[in-house]
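Secondary and tertiary structure notes
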Amino acid sequence: MSKNLRALAAKCVYAVVDKGRSLSDELPKQQGLVESPKDKGLLQELCYGVLRYLPELEHHVRRFVDKPLKGKQRVGHFLLLVGIYQIKYTRIPDHAAVAETVAATGPLKSRHLKGMVNAVLRSYQRQPDSDDTLPDAVRYNHPSWFLKKIQQGYPQDWQQIVTANLQRPSMWLRVNRQKTTVADYKTLLAAAEIGVASEDPDSHGLLLSQAVDVTRLPHFHDGWVSVQDGAAQMAAILLSAESGDKVLDCCAAPGGKTCHILERSAEIDVTAIDIEAERLTRVKENLQRLGLTAKVLCGDAADTSDWFDGEMFDKILIDAPCSGTGVIRKNPDIKWLRRASDIDALVVLQRQILDAIWAILKPGGIMVYATCSILPEENKEQIQRFVKENQDATLLNLTRANASQDWQILPGNESMDGFYYAKLQKSANV
Ligand SMILES: C[S@@+](CC[C@H](N)C(=O)[O-])C[C@H]1O[C@@H](n2cnc3c(N)ncnc32)[C@H](O)[C@@H]1O
């Protein structure tokens, strides 16, 4: 029997919002229950969409439901969000959206809510707009604490940021120059009718005109190409490791940047560490698919005593654990899973990692600090503190960012994710 996608979407969003599970864990579980790629895609669209517009959708539910749905009825609340999202934001005809959403009460074992779901969705169809003055969190579809932080950090650009966070992300590819060339791979894409919007000559990155399923990418399983955002591809460019360099990638999983470093030259001696052993499996899989070799270790970047063998590194990438506030387009659940209190703890961890890792960089060596965050405390302020406290650290100009000393990419800039980069050199005479 075919599964009701609205029921699966309601369960998935319920698990994220109420149970605090991550979308990247929950969605594949629900997608595993449906067969066709088209259904998997629609399920994804419904879950991502509801998480993008959660406050606004909940506002509409409050307009038509007197008593909030609690306990065993709670999943009905998420089903209503799925229903209203379809009517407002998808091209699914309203009658089909309503019928399928009402039918989902069956598989959700909530048949007693059938009449109510039907009535609420029909009321919304009749009165899609409300005259209420909406609080900013609802108007901009972001939690209040986060909205305030964006407004404080970016008094000029905050609206552009919150708007970008609601968009669907662009899809970038990174061509593996150890296997093929960008020109040849573009020919293969054209033959597969996959359009390329632009190309980054430095990184070997291609921006696709439209996102496609990875299964459609020519020679993906042979390691000719990887999916990696254009902003993330700047890490290896800025690190500019060369043949013979001994490089550390100290927060490496799932290995996107480790692999990019090696694709630029397989003669680089790369050590990839991460604190999560399970995530390191992904690093090994990616290295294998792309035909690359690195030393892969489980270890804590904030405490090198357990894994550092005493031989210092020429170049180090710290792709630090962070709030992920630059990649909300790809991970809309971040808005609801992150808490304001997480940020302080992350800033402390980043600081510990910076301090510990600096000690194992050779004199004259280069360290690139990166986050996929847009919060100044994790980025500019973190690095300014570091440079102030470490007399042997000099910030270098970044060739890719108009020669400024750090680079805050905002979500949507040049179709990229939000990312931060700073490049530091350790003085030669220590
Ligand atoms: C932003 S992700 C890295 C993404 C990766 N560089 C890539 O391009 O695929 C941050 C990583 O830091 C790891 N991490 C968190 N705390 C760490 C620590 N104390 N030491 C080492 N790795 C840590 C997390 O497990 C996570 O895999």
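Residues numbered from 1 in each chain as written. Predicted model: local features only at pLDDT ≥ 70, side-chain atom pairs only at ≥ 80, totals over all residues. Heavy atoms only, no water.

What about the overall build of the chain?
Our working definition: Helix numbers and strand numbers start at the N terminus; a helix is a DSSP run of H or I with at least 4 residues, a strand a run of E with at least 2. Note on method: radius of gyration uses C-alpha positions; expected globular size equals 2.2 Å times residues raised to 0.38. We call a residue buried when its accessible area falls under 20% of the maximum for its residue type, exposed when it is over 50%, and partly exposed in between, using a 1.4 Å probe and counting protein chains only. The contact definition used throughout considers only heavy atoms, calling two residues in contact when any of these lie within 4.5 Å. Per-residue accessibility takes into account occlusion by the displayed protein chains alone, with areas from the Shrake-Rupley method and a 1.4 Å probe. Charge assignment in this entry is limited to Lys and Arg as positive and Asp and Glu as negative, and neither His nor the chain termini are counted. Throughout, a charge is located at the NZ atom of Lys, the CZ atom of Arg, the CG atom of Asp or the CD atom of Glu.
On a plain count of helices and strands, the chain comes out with 17 helices and 12 strands. Taken over the C-alpha trace, the chain has a radius of gyration of 23 Å; the compact-globule value for 430 residues is 22 Å, and the two agree within 12%. Dimensions of the chain, computed from C-alpha atoms along their principal axes, come out at roughly 75 × 50 × 40 Å. Scored against the burial criterion, the 430 residues of the chain give a buried share of 53%. Relative to all contacts within the chain whose residues are 6 or more apart in sequence, the contacts with residues 24 or more apart total 73%. As presented, the chain carries roughly 19,700 Å² of accessible surface, and 48% of it is formed by carbon and sulfur atoms. Each charge class in the chain can be summarised by its mean position, and for the 53 positive and 53 negative side chains these summaries are 8 Å apart.

A look at helix α3 (residues 37-52)
Every α-helical turn comprises 3.6 residues, leaving residues that sit three or four positions apart pointing alike. The cut-off we apply is this: Given the number of residues in a helix, its expected span is that number minus one, multiplied by 1.5 Å.
An ideal rise of 1.5 Å per residue puts 22 Å on 16 residues; α3 measures up with 22 Å between its terminal C-alpha atoms. When α3 is considered as a whole, its buried residues turn out to be Leu-43, Leu-46, Cys-47, Tyr-48, Gly-49, Val-50, Leu-51 and Arg-52. On the buried face of α3, the contacting elements are α1 (5-17), α2 (23-31), α4 (54-64), α5 (74-89), α10 (158-165) and α15 (334-337).

With respect to the domain arrangement of the chain
To be explicit about the condition: Domains are outlined according to an automatic or database domain assignment.
Structurally, the chain comprises domain 1 (5-134), domain 2 (172-227) and domain 3 (234-426). On a C-alpha basis, the centroid separation for the pair domain 1 and domain 2 is 35 Å.

A closer look at the packing of aromatic side chains
Condition: We call Phe, Tyr and Trp rings a pair once their centres come within 6.5 Å, taking the six-membered ring for Trp, and we label the pair stacked below 30 degrees between planes, edge-to-face above 60, and tilted otherwise. Consider the ring centre and the ring normal. A charge sits over the ring if Lys NZ or Arg CZ is within 6 Å of that centre and within 35 degrees of that normal.
Considering all chains together, one arrives at 12 aromatic pairs under this definition. Between Tyr-53 and Tyr-89, the ring centres sit 4.0 Å apart and the planes meet at 15 degrees, which makes this aromatic pair stacked. With Tyr-53 in the loop between α3 and α4 and Tyr-89 in helix α5, the pair connects residues that are 36 residues apart, well separated along the chain. The exposure class of Tyr-89 is partly exposed, given its relative accessible area of 27%. A ring pair is formed by Tyr-140 and Trp-158, whose centres lie 5.0 Å apart and whose planes are at 80 degrees; its orientation type is edge-to-face. Pair noted here: Tyr-140 is in helix α8 (residues 136-140) and Trp-158 is in helix α10, with a separation of 18 residues, a long-range link. Both residues of the pair, Tyr-140 and Trp-158, belong to the buried class. Between Arg-289 and the ring centre of Phe-220, over which it is positioned, the NZ or CZ distance is 4.1 Å.

What to know about the site of the ligand
Stated formally: Here, proximity means that at least one heavy atom of the residue falls within 4 Å of the molecule or strand. In the analysis that follows, any N or O atom pair within 3.5 Å is treated as a polar contact, provided that within protein one partner can donate a hydrogen and the other can accept it, and provided that, for residues neighboring in sequence, both atoms belong to side chains. Gly counts as polar in this scheme, as do all residues outside two lists: the nonpolar Ala, Val, Leu, Ile, Met, Phe, Trp, Tyr, Cys and Pro, and the charged Asp, Glu, Lys and Arg.
Close contacts around the ligand come from 19 residues, with Asp-274, Arg-279, Asp-300, Ala-301 and Asp-319 the closest. Separating an oxygen atom of the ligand from a backbone N or O atom of Gly-255 is a distance of 3.1 Å. Relative to its free-state accessible area of 610 Å², the ligand is covered by the protein chains to the extent of 87%. Across the shell around the ligand, the residue classes tally to 10 nonpolar, three polar and six charged.

Things to note about the pairing of strand β6 (residues 269-274)
Worth spelling out the cut-off: Crossovers are marked right-handed if the path from the first strand over the helix to the second runs clockwise, as seen with the strands pointing away from the viewer. For two strands to count as paired, DSSP must find a minimum of two bridges between them.
Burial of β6 is extensive: five of the six residues sit out of reach of the surface. With helix α13 (residues 256-264) bridging strand β5 (residues 246-249) and the parallel β6, this β-α-β connection has right-handed handedness. In the sheet, β6 pairs with strand β7 (residues 295-298) via four bridges, with the strands oriented parallel. The residue of β7 that forms the bridge with Thr-271 is Lys-295. Each parallel crossover has a hand, and the one from β6 via helix α14 (residues 277-290) to β7 is right-handed.

Focus: the sheet that holds strand β2 (residues 196-200)
Where strands meet in a sheet, backbone hydrogen bonds hold them as pairs that are either parallel or antiparallel. Here is the rule we go by: Orientation is described by lines fitted to C-alpha atoms, with helices fitted over the stretch in contact, and by angles between N-to-C directions that extend from 0 to 180 degrees.
Across the sheet, four strands lie side by side as β2-β3-β1-β4; this open sheet has antiparallel pairing. Looking at which strands have only one partner, the edges of the open sheet turn out to be β2 and β4 (225-227). If you compare each strand with its neighbour and ignore which way they point, the axes differ by 25 degrees on average. Where strand β1 (residues 172-175) meets strand β3 (residues 205-208), three bridges bridge the pair, whose relative direction is antiparallel. Pairing of Trp-172 across the sheet is with Leu-207, part of β3. Lying on the sheet, helix α11 (residues 182-191) is in contact with β1, β2, β3 and β4; it crosses β3 at an angle near 25 degrees. The sheet contacts of α13 involve β1 and β4, and relative to β1 the element is tilted by about 40 degrees.

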